[in-house]
Amino acid sequence: MTALGFNQPLYILPFDHRGSFQTKMFGWKGTLSPDQTAEIAATKQVIYDGFKAAIQAGVARQKAGILVDERFGTAILGDAATNGYTTACPAEKSGQEEFDFEYGEDFAKHVEAFHPTFCKVLVRYNPEGNRALNQRQAARLRRLSEFLHSQGRSRFMFELLVPPEKEQLDRLKGDRKGYDLELRPRLMVQTIQELQDAQVEPDVWKIEGLDRREDCEEIVATARRGGRDQVGCIILGRGENDQKVQEWLSTAATVPGFIGFAVGRTSFWDPLVQLRAEQITRDAAVAQIARRYREFVDIFENARAKSRAA
């Protein structure tokens, strides 16, 4: 397992949203026309231009990266590869409760066509949920893991969501914040262990925000158990407000093993909404996205520097 893991700073601007982007940003349902597809692709180009502006403004190129989908981001992935940027590309079908491959049995061909730095999956997995569902997901994920580690040229990034089961929420009288604080950290640890035991081996775990430092430490210890010493963890933004995302970044940054973050909607959503409403110019939207992304980089790096100096 010596080749497993990624332990360098990694600040991802993710905009691989597909179904949610189409319906919530544009209000479009069903099959898209070529013009609609092109409009979404053009909007994602605004985000990418914000990313590039942030690098020009001082974000370290070797620490920065994008996560964008093949459907709307083919041109962006090509440009990013040409410029030597770190890239990540999703392999999962968008908006599904059960993980499956976007391109079915052709998943490997699509990964190799773009050979991004990371092949990313988003998976909803609750260890106290449907056992047969979890086993089906784990079997597919093992196939991808084995392909990436034996034949692929991309590392494996795993975005883990642990949505609450009804019984779990009932125990907490419907308190979602209570679930995030009291139940989810333990369930995340259990999920990581189950997937590792099923021979699913991410290089990077993309983790929902955690409020307590000790929970971050437990996640890293689990991700790195059994000789997985170089496996990294990053915090995702989950579309939360600036304040909450700042808290999560500041907490995770103090824990060795948390190497960065992936904050998307909190970085780009409001500027894009304003741009579509013609309240701001395209250049202003690009500048806002660049500024927000840079701010998250600064928050993480400043919190890390303070913890090391303490």
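The following paragraphs examine the structure supplied in this document. Predicted model only: the values in this text are computed from it and were never measured.

### Considering the packing of helix α2 (residues 34–56) against helix α3 (residues 70–82)
Move 1: The geometry of α2 relative to α3 is characterised by a closest axis approach of 7 Å and an angle of 35° between their N-to-C directions. The hand of the α2/α3 crossing is right-handed. The segment α2 lies against α3, with T37, I40, A41, K44, Q45, Y48 and K52 engaging R71, F72, I76, D79 and A80.
Move 2: Of the residues contributing to the contact of α2 with α3, the split by class is six nonpolar, two polar and four charged.

### What about the sheet that holds strand β4 (residues 118–124)?
Each strand in a sheet pairs with its neighbour through backbone hydrogen bonds, running either in the same direction (parallel) or in the opposite one (antiparallel).
Move 1: As summarised here, the arrangement of the eight strands in space is β1-β2-β3-β4-β5-β6-β7-β8, forming a closed barrel in which the pairing is parallel. Within this sheet the neighbouring strands show an average axis-to-axis angle of 25°, counted without direction.
Move 2: Across the face of the sheet, α3 comes into contact with β2 (64–67) and β3 (86–90) while running at roughly 160° to β3.

### Structural notes on unusual backbone geometry
Move 1: In this structure, H115 is a non-glycine residue whose phi angle is positive, near 25°.
Move 2: Within the element layout of this structure, H115 appears in the loop between α4 (107–114) and β4.
Move 3: One non-glycine residue, K173, adopts positive backbone phi at about 55°.
Move 4: Inspection of the secondary structure puts K173 in the loop between α6 (166–171) and α7 (176–197).
Move 5: By relative accessible area, which is 79% here, K173 ends up exposed.

### Some words on the environment of E295
Move 1: Checked against the element boundaries, E295 lands in helix α11 (residues 282–309).
Move 2: Among the residues examined, E295 registers a relative accessible area of 32% and is labelled partly exposed.
Move 3: Residues E295 and Q246 lie 49 residues apart in sequence; the distance between their C-alpha atoms is 9.3 Å.

### Regarding the packing of α2 against α11
Move 1: One can describe the packing of α2 onto α11 by two numbers: an axis separation of 8 Å at closest approach and a directional angle of 55°. The pairing of α2 with α11 is recorded here as oblique in orientation. The handedness of the crossing between α2 and α11 comes out as right-handed. Where α2 abuts α11, its residues Q45, V46, I47, D49, G50, F51, A53 and A54 lie against R282, A285, V286, I289, A290, Y293 and R294.
Move 2: Its residues placed into classes, the contact of α2 with α11 shows 10 nonpolar, two polar and three charged.

What counts, and where the lines are drawn
- All residue numbers refer to positions counted from 1 along the written sequence of the respective chain.
- The model is predicted, so local features are restricted to residues of pLDDT at least 70 and side-chain atom pairs to those at 80 or more, both for listing and for counting; the totals for chains, interfaces and linings are taken over all residues.
- Hydrogens and water are ignored here; the side-chain numbers use all heavy atoms of the structure.
- The angle between two axes is taken between their N-to-C directions and runs from 0 to 180 degrees, where each axis is a line fitted to C-alpha atoms and a helix contributes only its stretch in contact.
- Helix and strand definitions follow DSSP, with helices as H or I runs of at least four residues and strands as E runs of at least two, each counted in order from the N terminus.
- In a left-handed crossing the near helix is turned counterclockwise from the far helix by less than a right angle, and in a right-handed crossing that turn is clockwise.
- Only heavy atoms enter the contact rule, under which two residues are in contact if any of them lie within 4.5 Å.
- For this scheme, ten residues count as nonpolar: Ala, Val, Leu, Ile, Met, Phe, Trp, Tyr, Cys and Pro. Four count as charged, namely Asp, Glu, Lys and Arg, and the remainder, Gly too, count as polar.
- One bridge is not enough; two strands pair if DSSP finds at least two bridges between them.
- For every residue, the accessible area (1.4 Å probe, protein chains only) is compared with the maximum for its type, and the residue is labelled buried under 20%, exposed over 50%, or partly exposed between those bounds.
- An angle below 35 degrees is treated as roughly parallel, one above 145 as roughly antiparallel, one from 65 to 115 as roughly perpendicular, and anything else as oblique.

So yeah, pure geometry; function would need other evidence.
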